[in-house]
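Structure assessment
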Amino acid sequence: LYDEKLLKYNFGVMKWIWDEDAVNSKIVTENVATVLVNKINRLQEETQRMLMVASCLGATFRKSAVMEVMKNIPQVEMRGSMRASMRSASGTAATKGNFSASLLALDLSNACTDQDGSDASYASSIEEFEGEGLCEVDNEECHFMHDQIQSAAFELI
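Reading guide: rules and limits
Residues numbered from 1 in each chain as written. Predicted model: local features only at pLDDT ≥ 70, side-chain atom pairs only at ≥ 80, totals over all residues. Heavy atoms only, no water. Patch = residues over 30% accessible without salt bridge, like charges linked within 9 Å, V, L, I, M, F, W, Y side chains within 5 Å. Areas by Shrake-Rupley, 256 points an atom, 1.4 Å probe, with all protein chains shown as cover. Salt bridge = Lys/Arg side-chain N within 4 Å of Asp/Glu carboxyl O. Lys, Arg positive; Asp, Glu negative; His and termini not counted. Charge placed at Lys NZ, Arg CZ, Asp CG, Glu CD. Helix = DSSP H or I, 4+ residues; strand = E, 2+ residues; numbered from the N terminus. Buried < 20%, exposed > 50% of the residue type's maximum accessible area, 1.4 Å probe, protein only. Phe/Tyr/Trp six-rings, centres within 6.5 Å; stacked < 30°, edge-to-face > 60°.

Thoughts on a negative patch on the surface
Together, Glu 127, Glu 130, Glu 136 and Asp 138 make up a region of like negative charge exposed at the surface. Those elements giving two or more residues to the negative patch turn out to be α7 (119–131) and β4 (135–138). Following the sequence through the fold, Glu 130 ends up in helix α7. Its relative accessible area of 33% is what places Glu 130 among the partly exposed residues.

The structure is reproduced here in structure tokens:
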């Protein structure tokens, strides 16, 4: 509700305020995964790709591992996977399996490199998903704040 500006904090009166009609009209039946997928979909494309890669590496992952995969995975394949996930938010097991298999099958020594990708842009993406409360970063070690966040990022594949 806060992200959608339906709930706001009024510092003048030190209270939370909301438009009751707008809140009541909001579909309350959305589950946590759907809310998280929607939140992830609002992030920058590069950040979404990084979250998808990180979700394949586990609940805890190293920044350098995500960056290495991002530098070496064919970007066309990542974009195609994202477009497919946008068309089917539920994400089929076959799509997940194909993408995960392609991550595992990468030959990192000769894979395509994203010419625009830089450590600075990857660091910016990591800062974005940390700033959104999706993961916690401690130097090189990162972990998803909740298993549902990892599942939602994986569901985008």
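Digging into the packing of aromatic side chains
Throughout the structure, instances matching the rule amount to four aromatic pairs. Ring geometry for Tyr 2 against Trp 16: centres 6.1 Å apart, planes inclined by 85°, an arrangement best described as edge-to-face. A residue pair is termed long-range when its members are at least 10 positions apart, and Tyr 2 in the segment before β1 (7–10) and Trp 16 in strand β2 (residues 15–18) qualify at 14 residues. Where Tyr 9 meets Trp 16, the ring centres are 5.1 Å apart and the plane angle is 70°; that geometry is what we call edge-to-face. Through successive ring pairs, a cluster of aromatic residues spans Tyr 2, Tyr 9, Phe 11 and Trp 16.

Honestly, it's all geometry; don't read function into it.
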